[in-house]
Amino acid sequence: MFAECSIGDFSIEEHQLLLKYNCPDFTSETENDDGFITYILEFYSNYFILIPTSGPVCIEGCSFKYEKQN
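In this report, the structure presented in the accompanying data block is examined. (Residues numbered from 1 in each chain as written. Predicted model: local features only at pLDDT ≥ 70, side-chain atom pairs only at ≥ 80, totals over all residues. Heavy atoms only, no water.)

1. Quick look at the overall build of the protein
Line of reasoning, step 1. Looking only at helices and strands, the protein features zero helices and five strands.
Line of reasoning, step 2. Counted from the first residue to the last, the protein has its helices and strands arranged as β-β-β-β-β.
Line of reasoning, step 3. Principal axes of the C-alpha set define a box for the protein whose edges measure 40 × 30 × 25 Å.
Line of reasoning, step 4. Expressed as a percentage of the 70 residues in the protein, the buried residues total 29%. (Helix = DSSP H or I, 4+ residues; strand = E, 2+ residues; numbered from the N terminus. Buried < 20%, exposed > 50% of the residue type's maximum accessible area, 1.4 Å probe, protein only.)

Here it is as structure tokens:
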């Protein structure tokens, strides 16, 4: 997501994706108070949807859909 930082950790807890970037001096407006970028995960048979829950979120309800490519 960020060209200036491509290393870090992730975890999934109760249908929530937590991303923690580990680059020196890297900060993002999308981090929460604990330093994580978070999304709600919705799984479907052939795709999943990420809904941002940290940082400035879209008031109109934005989300990102990821589909498996054959």
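2. Focus on the nonpolar core
Line of reasoning, step 1. Residues F2, C5, L17, L19, Y21, C23, F26, I37, Y39, L41 and L50 constitute the largest nonpolar core, which totals eleven residues.
Line of reasoning, step 2. When contributions to this core are tallied by element, the ones reaching two or more residues are β2 (16-21) and β3 (37-43). (Core = buried A, V, L, I, M, F, W, Y, C linked by side-chain atoms within 4.5 Å.)

3. Regarding the side chain of T38
Line of reasoning, step 1. With respect to the helices and strands, the residue T38 is situated in strand β3.
Line of reasoning, step 2. Within the structure, the side chain of T38 is placed 2.7 Å from the side chain of T53, a separation counted as a polar contact.
Line of reasoning, step 3. Excluding residues within four positions of it along the chain, T38 makes contact with Q16, L17, L18, N32, I51, P52, T53 and S54. (Polar contact = N/O pair within 3.5 Å; in protein donor to acceptor, adjacent residues only side chain to side chain. Contact = heavy atoms within 4.5 Å.)

4. Brief notes about the packing of aromatic side chains
Line of reasoning, step 1. Taken as a whole, this structure holds three aromatic pairs when the rule is applied.
Line of reasoning, step 2. Between Y44 and Y47 the ring centres are 4.8 Å apart and the planes differ by 20 degrees, which places this aromatic pair in the stacked class.
Line of reasoning, step 3. In this structure an aromatic cluster arises from ring pairing among F43, F48 and Y66.
Line of reasoning, step 4. It is K20 that lies over the ring of F36; its NZ or CZ is 5.0 Å from the centre.
Line of reasoning, step 5. Geometry around Y47 places K65 over its ring, the cationic atom sitting 4.3 Å from the centre. (Phe/Tyr/Trp six-rings, centres within 6.5 Å; stacked < 30°, edge-to-face > 60°. Lys NZ or Arg CZ within 6 Å of the ring centre and 35° of its normal.)

5. Comments concerning the environment of S63
Line of reasoning, step 1. Tracing the backbone through its elements, the reader meets S63 in the loop between β4 (47-52) and β5 (64-67).
Line of reasoning, step 2. On the accessibility criterion, S63 (41% relative accessible area) is partly exposed.
Line of reasoning, step 3. What S63 contacts, discounting residues up to four positions off in sequence, is I49, L50, I51 and P52.

Spatial relationships are all this shows, so hold off on functional conclusions.
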